[in-house]
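Next come the chains, spelled out residue by residue.
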Amino acid sequence: MSSAFPARGQDPAVWAAAAVPGPLMRALDQRGGLPHTVRQDIARQLAEGTPAGRLRDRIERRWWERYAQLPGPELLQRADDIALDLVAAPTCPLGCEDGWLPDESRVCPWCRPNNTVIDVAPDDEPAGRRLEPEEQARRAAEVRAAMRAGRRYPRPAR
């Protein structure tokens, strides 16, 4: 288990890379270790001013949200791509972290995390964007399908 803070004199890139979860690291070790592209991406983001703690938080959050449930064979097959996705920089123009603006402690008005907010009133969207009706309908259908798939109780008999 790694420390919550880097040791005195420790390279921040090494400390951030140490946040890669154990199951993924074991799969990566079977494939030759942490990919060089992941190390380069971490170093680049640190050089651009991303705090090492934010990188570690991103790795942990994305692991538990997206990949922790994968079975061993699939994890082994996709290990390199998963490692890249865990450290990938946000693409949001506002710089959010998976739908959250950490510096402002609020939801990103551009990304609308998890697509659960389908539409908003005009005065609720100061820096956001409105969806076209077709896109609203498509996203609503996706949310309904995800809710149905996530139910853990048996469906009633018809």
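Shown above is the structure to which this text applies.
All of the points below concern the structure found in this document.

Rules used throughout
Residues numbered from 1 in each chain as written. Predicted model: local features only at pLDDT ≥ 70, side-chain atom pairs only at ≥ 80, totals over all residues. Heavy atoms only, no water. Salt bridge = Lys/Arg side-chain N within 4 Å of Asp/Glu carboxyl O. Helix = DSSP H or I, 4+ residues; strand = E, 2+ residues; numbered from the N terminus. Buried < 20%, exposed > 50% of the residue type's maximum accessible area, 1.4 Å probe, protein only. Arc of directions from axis to C-beta. Core = buried A, V, L, I, M, F, W, Y, C linked by side-chain atoms within 4.5 Å.

Before going further, it helps to spend a moment on the pattern of salt bridges. One pass over the full model with this rule turns up eleven salt bridges. A salt bridge links Arg 66 to Asp 85, with the nearest nitrogen and oxygen atoms 2.9 Å apart. Here the residue Arg 66 occupies a position in helix H4 (residues 52-67), and Asp 85 occupies one in helix H5 (residues 72-87), the gap between them amounting to 19 residues. Overall, Arg 66 belongs to the partly exposed group, its relative accessible area being 32%.

Think of an α-helix as turning once every 3.6 residues; residues three or four places apart then point the same way. Burial in helix H2 (residues 22-30) covers these residues: Leu 24, Ala 27 and Leu 28. The buried residues of H2 occupy one face: seen down the axis, they fall within an arc of 100 degrees. In H2, the exposed positions angled more than 90 degrees off the buried face are occupied by Arg 26 and Gln 30. Positive backbone phi, approximately 110 degrees, marks Gly 32, located one or two places after H2.

Ranked by internal contacts, the top residues of the largest apolar core, which has 22 residues, are Leu 24, Leu 28, Leu 34, Ile 42, Ile 82 and Leu 86. Taken together, the elements giving at least two residues each to this core come down to helix H1 (12-17), H2, helix H3 (36-47), H4 and H5. If you tally residues by element for this core, the top one is H5, at six residues.

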